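Structure assessment
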Amino acid sequence: MAITTLPDARWLHATAAAAFLAASLPHAALNAQGLESPETVDRIVGSQVNQEEAKATAEVGKVSSAIDRTRENIGMVRKTSKLDKVDIVFLTDAARSEGGPPAVIENKVRQHQDDVTELRKEIEANALLFNAIESRRVLAEDVLAVEFDDPGKIVIYAAAKPPS
């Protein structure tokens, strides 16, 4: 005589829950909040994110000075958890598609290569700053320098073109 057992009720509930979760994942991805609208970015970042375009050749002094202060700015990036304003300056003529930064800026980046690399890692590790640059489609590797202008305000210099 063969003995048959019914499946354990807990196993059935677990299987049903897993099936429900798997079926709902595609919908969760579709309902995820994107970083397309400025209001969404401001809510996520908690700061006003502005962008402007400039020529690296016109901003050489500011960018070089900011690169020289990268070591001290790394500490500020680590401590930053709230800002009133994030300005992203797109240095359009320094973008890779344009041949990269002018020689003066490129040499400064080379002089401070380890610090610039560390700054980029700190930006990626800082949720506020990472989401701010991500919202404008800036890669951390395109960040040349940051400058803390006023309390509560940061300027991020990026060798990139703004999203179209």
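Reading guide: rules and limits
- Residues numbered from 1 in each chain as written.
- Predicted model: local features only at pLDDT ≥ 70, side-chain atom pairs only at ≥ 80, totals over all residues.
- Heavy atoms only, no water.
- Helix = DSSP H or I, 4+ residues; strand = E, 2+ residues; numbered from the N terminus.
- Buried < 20%, exposed > 50% of the residue type's maximum accessible area, 1.4 Å probe, protein only.
- Contact = heavy atoms within 4.5 Å.
- Salt bridge = Lys/Arg side-chain N within 4 Å of Asp/Glu carboxyl O.
- Pairing = 2+ DSSP bridges.
- Axes fitted to C-alpha atoms, helices over the stretch in contact; angles between N-to-C directions.
- Polar contact = N/O pair within 3.5 Å; in protein donor to acceptor, adjacent residues only side chain to side chain.
- 1 Å grid on protein atoms, 1.4 Å probe; cavity = no way out; pocket = protein on both sides within 12 Å on 5 of 7 lines; lining within 4 Å.
- Points joined across faces, edges and corners; volume = space filled by probe spheres on them.
- Nonpolar A, V, L, I, M, F, W, Y, C, P; charged D, E, K, R; others polar.

Looking only at helices and strands, the protein chain has seven helices and four strands in total. Looking at the protein chain as a whole, 40% of its 164 residues qualify as buried. A fraction of 77% describes how many contacts in the protein chain between residues 6 or more apart in sequence connect residues 24 or more apart.

Time to look at the pattern of salt bridges. Considering all chains together, one arrives at 13 salt bridges under this definition. Residue Asp-68 pairs with Lys-108 through a salt bridge whose shortest N-O separation is 2.9 Å. Residue Asp-68 is located in helix α3 (residues 60-68), and its partner Lys-108 is located in helix α5 (residues 103-111); the two are separated by 40 residues in the primary sequence. The closest approach of N and O atoms between Arg-78 and Glu-122, which form a salt bridge, is 3.1 Å. Of this pair, Arg-78 sits in helix α4 (residues 70-79) while Glu-122 sits in helix α6 (residues 113-125), and the two are 44 residues apart along the sequence. Taken together, the salt bridges that share partners define one network made up of Arg-71, Arg-78, Asp-115, Glu-118 and Glu-122.

Right, let's talk about the sheet that holds strand β4 (residues 153-158) for a bit. One open sheet accounts for four strands, arranged β1-β2-β4-β3; its pairing is mixed. Of all strands in the sheet, those with a lone pairing partner are β1 (48-54) and β3 (143-147), marking the two edges. Within the sheet, the average angular offset between the axes of one strand and its neighbour, ignoring direction, is 20°. Sheet analysis places strand β2 (residues 85-91) next to β4, joined by six bridges and oriented parallel. Opposite Val-86, over in β4, you have Ile-154 as the bridge partner. Each of β1, β2 and β4 touches helix α7 (residues 127-135); the most contacted strand, β2, lies at about 45° to it.

With that settled, consider the pairing of β3. Each regular strand displays side chains that alternate between the two surfaces of the sheet. Most of β3 is tucked away, with five of its five residues classed as buried. Examined bridge by bridge, β3 and β4 share four bridges and lie antiparallel to one another. Paired with Glu-147 across the bridge in β4 is Val-155. Linking two consecutive strands that pair antiparallel, namely β3 and β4, is a turn of five residues; a positive phi of about 85° is found at Gly-152 within it.

Positionally, Lys-161 belongs in the segment after β4. Those residues in contact with Lys-161, other than ones at most four positions away along the chain, are Phe-90, Thr-92, Ala-95, Ser-97 and Glu-98. There is a polar contact of 2.6 Å between the side chain of Lys-161 and the side chain of Glu-98.

Turning to the layout of surface pockets, a few remarks are in order. Within this model, the largest pocket holds a volume of roughly 150 Å³. For the largest pocket, the full set of lining residues is Ala-94, Arg-96, Gly-100, Pro-101, Glu-106, Val-109, Arg-120, Glu-141, Asp-142, Leu-144 and Ala-159. Among the residues forming the lining of the largest pocket, the class breakdown is five nonpolar, one polar and five charged.

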